[in-house]
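Listed below, chain by chain, are the residues.
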Amino acid sequence: MGKLNGKKINTAVFISGRGSNLKSLVKNSKKKNSPVIIRLVISNNLKAKGLIYAKKLKIKTYVTDYKNVNISEKKLLEKLFKYKINLICLAGFMKILSGNFIKKFKKPILNIHPSLLPKYKGLSTHKKVINNKEKYSGSTVHLVSSKLDSGHIILQKKIKVSKFDNEKTLEKKILKIEHILYPKAIKKFLASL
Ligand code: GAR
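Residues numbered from 1 in each chain as written. Predicted model: local features only at pLDDT ≥ 70, side-chain atom pairs only at ≥ 80, totals over all residues. Heavy atoms only, no water.

**Some words on the pattern of salt bridges**
Rules: A side-chain nitrogen of Lys or Arg and a carboxyl oxygen of Asp or Glu constitute a salt bridge if their distance falls within 4 Å. Helix and strand labels come from DSSP, where a helix needs a run of H or I of at least four residues and a strand needs a run of E of at least two; each type is numbered from the N terminus. For each residue, the accessible area found with a 1.4 Å probe, counting protein chains only, is set against the maximum for its type, and the residue is called buried under 20%, exposed over 50%, and partly exposed in between.
Applying the stated criterion to the full structure yields 5 salt bridges. Salt-bridge contacts for arginine 18 lead to glutamate 171; the nearest nitrogen and oxygen are separated by 3.2 Å. Of this pair, arginine 18 sits in the loop between strand S1 (9-15) and helix H1 (20-29) while glutamate 171 sits in helix H6 (residues 167-191), placing them 153 residues apart in sequence. The exposure class assigned to arginine 18 is partly exposed, which follows from its relative accessible area of 48%. Connected through salt bridges with shared partners, the residues Arg18, Lys168 and Glu171 form a single ionic network.

Here is the structure:
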């Protein structure tokens, strides 16, 4: 796939909060050799900070409250088809997409997770890493499957956890590497298609 006939891949980024990975994805997508264009930002949270950033850049946004998963996912699919989205990048999206959604979307869905998967799936990753006195942690970009944080791994970056690290410092360190890792993983993945 890479670039289809020189065309960039229409991409939607899903967020739930701060959106620092969204920012880095948008910045990278502006580069000439980027294979993607961010067409749509989706959130389950009206107050997600990343939405403000998206709106500033005049990227279309869509929020659905997820009170009813089936209804929300149906609305999401409609939007994704409307904007001819061919790739979804989850970036701090804290809802789990159903198997039905993944099947119906039919196109690839990527996620970034702040641990060295398969270790520390799910929530509170940094807390668990600190409590277990791990020497290393990191981040993983993987394909989304119907099993949580278990899809095919595309790229990982490992960092050292120092004995002075706490949840906050570790989160900061990992976010910094994620901002480089995610765009790189997207490129690698699309080039492999
Ligand atoms: C990132 O560290 C991302 O890996 C993590 O949430 C953070 C979002 O930060 N994702 C998950 O934990 C998914 N299970 P951001 O909103 O600043 O991009």
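**Thoughts on a positive patch on the surface**
Which entries qualify depends on this criterion: The patch calculation keeps residues exceeding 30% relative accessible area without a salt bridge and links them within 9 Å when they carry like charges or within 5 Å when they are nonpolar (Val, Leu, Ile, Met, Phe, Trp, Tyr). Residue burial considers only the protein chains on display, and all accessible areas are found by Shrake-Rupley using a 1.4 Å probe. Neither His nor the chain ends is counted toward charge; the positive residues are Lys and Arg and the negative residues Asp and Glu. Where a charge lies is defined by one atom per residue type: Lys uses NZ, Arg uses CZ, Asp uses CG and Glu uses CD.
Together, Lys23, Lys27, Lys49 and Lys56 line one region of the surface with positive charge. Elements with a contribution of two residues or more to the positive patch: H1 and helix H2 (49-56). Position of lysine 23 relative to the elements: it lies in helix H1. Judged by its relative accessible area of 39%, lysine 23 is partly exposed.

**Some points on unusual backbone geometry**
For the bond from leucine 117 to proline 118, the omega torsion is 10 degrees, close enough to zero to count as cis. Here proline 118 shows up in the loop between strand S5 (109-113) and helix H5 (125-131). Here aspartate 149, not a glycine, exhibits a phi torsion of approximately 55 degrees, which is positive. Checked against the element boundaries, aspartate 149 lands in the loop between strand S6 (136-143) and strand S7 (153-160). By relative accessible area, which is 9% here, aspartate 149 ends up buried.

**As for the packing of aromatic side chains**
This is how the line gets drawn: The aromatic pairing rule takes the rings of Phe, Tyr and Trp, using the six-membered ring of Trp, and pairs them if the centres are within 6.5 Å, calling planes under 30 degrees apart stacked, those over 60 edge-to-face and the rest tilted. Distance and angle both matter: a charge sits over a ring if NZ of Lys or CZ of Arg is within 6 Å of the ring centre and within 35 degrees of the ring normal.
Going through the model one piece at a time under the given rule, you end up with 3 aromatic pairs. Ring geometry for tyrosine 66 versus phenylalanine 93: centroids 6.0 Å apart, planes at 70 degrees, classification edge-to-face. Linking tyrosine 66 in the loop between strand S3 (60-63) and helix H3 (69-82) with phenylalanine 93 in the loop between strand S4 (87-90) and helix H4 (99-105), this pair joins segments that are 27 residues apart in sequence. Measuring from centroid to centroid gives 6.3 Å for phenylalanine 101 and phenylalanine 105, while their planes differ by 15 degrees, and the two rings are stacked. Remark: phenylalanine 105 and phenylalanine 101 occur in helix H4; sequence separation between them is 4 residues, near one turn of the helix. Neither phenylalanine 101 nor phenylalanine 105 differs from the other in exposure class; each is buried. Every member of this aromatic cluster is reached through a ring pair, and the members are Phe14, Tyr66 and Phe93. The ring of tyrosine 136 carries the charged tip of lysine 158 above its face, separated from the ring centre by 4.4 Å.

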